[in-house]
Amino acid sequence: MIEVTELTKRYGRVTAVDGLTFTVRPGRVTGFLGPNGSGKSTTLRAILGLETPDAGAALVDGRPYRTLHHPLHHVGALLDAGAVHPGRSARAHLTALAVAGRIDRRRVGEVLEQVGLGQVAHKRAGEFSLGMRQRLGIAGALLGDPPVVLFDEPVNGLDPEGILWIRHLMKSLAAEGRTVLVSSHLMSETALTADHLVVIGRGRLIADTGVEAFLREHGTSQVHVRSPARSALAGMLRARGATVEYEGSKTLVVTGLTVDEIGDLAARNGLPVHELMARQASLEDVFMDLTRDSVEYQGTHDGN
Ligand SMILES: Nc1ncnc2c1ncn2[C@@H]1O[C@H](COP(=O)(O)OP(=O)(O)OP(=O)(O)O)[C@@H](O)[C@H]1O
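Residues numbered from 1 in each chain as written. Predicted model: local features only at pLDDT ≥ 70, side-chain atom pairs only at ≥ 80, totals over all residues.

Lining the immediate environment of the ligand, one finds Y11, V14, A16, G34, N36, G37, S38, G39, K40, S41, T42 and H185. Across the shell around the ligand, the residue classes tally to three nonpolar, eight polar and one charged. (Near = placed C-beta within 6 Å. Nonpolar A, V, L, I, M, F, W, Y, C, P; charged D, E, K, R; others polar.)

Below, the structure written as structure tokens:
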């Protein structure tokens, strides 16, 4: 379990994390979402004891990371997949980590197999593709068999096969009862993997909720209706409580009624309908709406 309480971190005049509180529970994948610069990496680094908070705390299993006796047995993290010596083989890299972390060297072979690098264990990391480097980073995170894992933007730059692999891995780690926290700036990708979402903007909490509840609450669906009698239809739809907007010369965009309700209403009143189509607002749109203020703030701030 990870507990972040009233966490604040400032860099000079920039408040990267601002009184942030949330808990990451075991047995599920928690997506940690926010636009670029919203404070995700800073929060992850604070959880890993790489940043000293100006206020508040970030605890792993009830303790600050720096006080854990065998940290790699508690937490595994993928922060920057590039942080591997290019001249070292995958096996040598992991062996060095194992020695430094007082972890049984037999784990090296196990994690190499687990991430699918068994065949290339002797290849130099400098010759690895980005996807292979991500896998190597994840192997390092899993070395201590930790109950808590953190991944910072793990699918960035990966091909579809790599993305699928990571999604599957996250879910299986959570199914084993581990605490899994995955940061991303992509809402739709995260919704496919995560069970729970923590959304932040300019270092503050925007949402802490289940993915399904989030989609129910924010995933507004619209219905596009093309009708030669759209003015009459619009009046009736509004009378039924729908929000109606005009688009082009023939189309209505309706929120608040289903396709069936709109079709039935038109039929009962003898109004012709040439097209009736449900459209789910994209998750990326929902996310951008939610975090817009924080992005504008960030832009202003960066400009100063
Ligand atoms: N070491 C640092 N020194 C100064 N400012 C920093 C430092 N680290 C982060 N910041 C600033 O803190 C804010 C939050 O950055 P952070 O990297 O935590 O955000 P993020 O959500 O992880 O974004 P990204 O996905 O772009 O990395 C940004 O304004 C960033 O410029």
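Another point: the domain arrangement of the protein chain. Here the protein chain is described as being made up of domain 1 (2-217) and domain 2 (221-280). Spacing between the C-alpha centres of domain 1 and domain 2 amounts to 46 Å. (Domains from an automatic or database assignment.)

Here we take up the nonpolar core. Within the largest apolar cluster, 64 residues are counted, with the highest numbers of intra-cluster contacts made by I47, L94, A139 and L143. Setting aside residues up to four positions removed in sequence, I47 forms contacts with I2, V4, A58, V60, Y65 and L150. Core analysis: the second largest hydrophobic core is formed by nine residues, V225, L237, I262 and A266 among them. (Core = buried A, V, L, I, M, F, W, Y, C linked by C-beta atoms within 7 Å. Buried ≥ 20, exposed ≤ 12 C-beta atoms within 10 Å, placed from the backbone. Contact = placed C-beta atoms within 7 Å.)

Moving on, we come to the sheet that holds strand 5 (residues 63-64). Across the sheet, which stays open at both edges, the four strands sit in the order 2-1-4-5 with antiparallel pairing between neighbours. Only two strands of the sheet have a single partner each, and these edge strands are strand 2 (14-24) and strand 5. One ladder, built from five bridges, connects strand 1 (residues 2-11) with strand 4 (residues 55-60); its direction is antiparallel. Across the sheet, residue I2 finds its bridge partner in strand 4, namely V60. (Pairing = 2+ DSSP bridges. Helix = DSSP H or I, 4+ residues; strand = E, 2+ residues; numbered from the N terminus.)

Every buried residue of helix 9 (residues 230-239) is listed here: R230, L233 and L237. For helix 9, the angular spread of buried residues about the axis comes to 60°, placing them on one side. In this structure, helix 9 carries S231, G235 and A239 as exposed residues pointing more than 90 degrees from its buried face. The secondary structure elements touched by the buried residues of helix 9 are strand 11 (221-226), strand 12 (243-247), strand 13 (251-255) and helix 10 (259-268). G241 occupies a position one or two residues after helix 9 and carries a positive phi of about 95°. (Arc of directions from axis to C-beta.)

Looking now at the packing of helix 3 (residues 90-100) against helix 4 (residues 106-114). Put simply, helix 3 and helix 4 touch, their axes get as near as 9 Å, and they point 130° apart. In terms of their interaxial angle, helix 3 and helix 4 are classed as oblique. Regarding helix 3 and helix 4, the two cross each other, and that crossing is right-handed. Two secondary-structure elements touch here, helix 3 through A90, R91, L94, T95 and A98 and helix 4 through R107, V108, V111 and L112. By residue class, the composition of the contact of helix 3 with helix 4 is six nonpolar, one polar and two charged. (Axes fitted to C-alpha atoms, helices over the stretch in contact; angles between N-to-C directions. Parallel < 35°, antiparallel > 145°, perpendicular 65-115°, else oblique. Left-handed = near helix turned anticlockwise from the far one by under 90°.)

For helix 5 (residues 130-142), built from 13 residues, the straight-helix expectation of 18 Å at 1.5 Å per residue is met to within 8% by its first-to-last C-alpha distance of 18 Å. Among the 13 residues in helix 5, ten count as buried, and that is most of the element. For helix 5, the full list of buried residues reads R133, Q134, R135, L136, G137, I138, A139, G140, A141 and L142. Elements that come into contact with the buried residues of helix 5 comprise strand 6 (75-78), helix 3, helix 4, strand 7 (148-152) and helix 6 (160-175). (Expected span 1.5 Å × (residues − 1).)

A word on the confidence of the model for the protein chain. In low-pLDDT regions, the fine details of the predicted coordinates are not to be read closely. When pLDDT is averaged across the protein chain, the result is 89; 94% of the residues are at 70 or more. Looking across the protein chain, the model is least confident in helix 11 (residues 283-303), with a mean pLDDT of 62, and most confident in strand 1, with 97. (pLDDT = per-residue confidence, 0-100.)

The next point concerns the pairing of strand 13. Burial of strand 13 is one-sided: the residues L252 and V254 facing one way are buried, the residues T251, V253 and T255 facing the other way are not. Relative to strand 13, strand 11 runs antiparallel, the two sharing five bridges. Bridging from a neighbouring strand, V223 pairs with V254 of strand 13. Here five bridges tie strand 12 to strand 13, and the two strands are oriented antiparallel to one another. By the bridge assignment, E245 is partnered in strand 13 with V253. Where strand 12 hands over to strand 13, the hairpin turn is made up of three residues, of which G248 adopts a positive phi near 60°.

Along the chain, P71 turns up in helix 2 (residues 71-74). For the pair P71 and P146, spaced 75 residues apart in sequence, the C-alpha to C-alpha distance is 8.7 Å.

Turning our eyes to something else, we now look at the sheet that holds strand 10 (residues 204-210). The six strands are arranged 6-7-8-3-9-10 in an open sheet whose pairing can be described as mixed. The sheet terminates laterally at strand 6 and strand 10, the two strands that pair on one side only. For this sheet, the mean inter-axis angle between neighbouring strands, taken without regard to orientation, is 15°. The strands touched by helix 1 (residues 40-47) are strand 3 (28-33), strand 7, strand 8 (179-184) and strand 9 (196-201); relative to strand 7, the strand with the most contacts, the crossing angle is about 150°. On the sheet, helix 5 packs against strand 6 and strand 7 and is oriented at approximately 165° with respect to strand 6.

Let us now look at the environment of G109. The residue G109 is located in helix 4 in this model. Look at G109 and you get partly exposed, because 14 C-beta atoms sit within 10 Å. The spatial distance from the C-alpha of G109 to the C-alpha of S89 is 13 Å, given a sequence separation of 20 residues.

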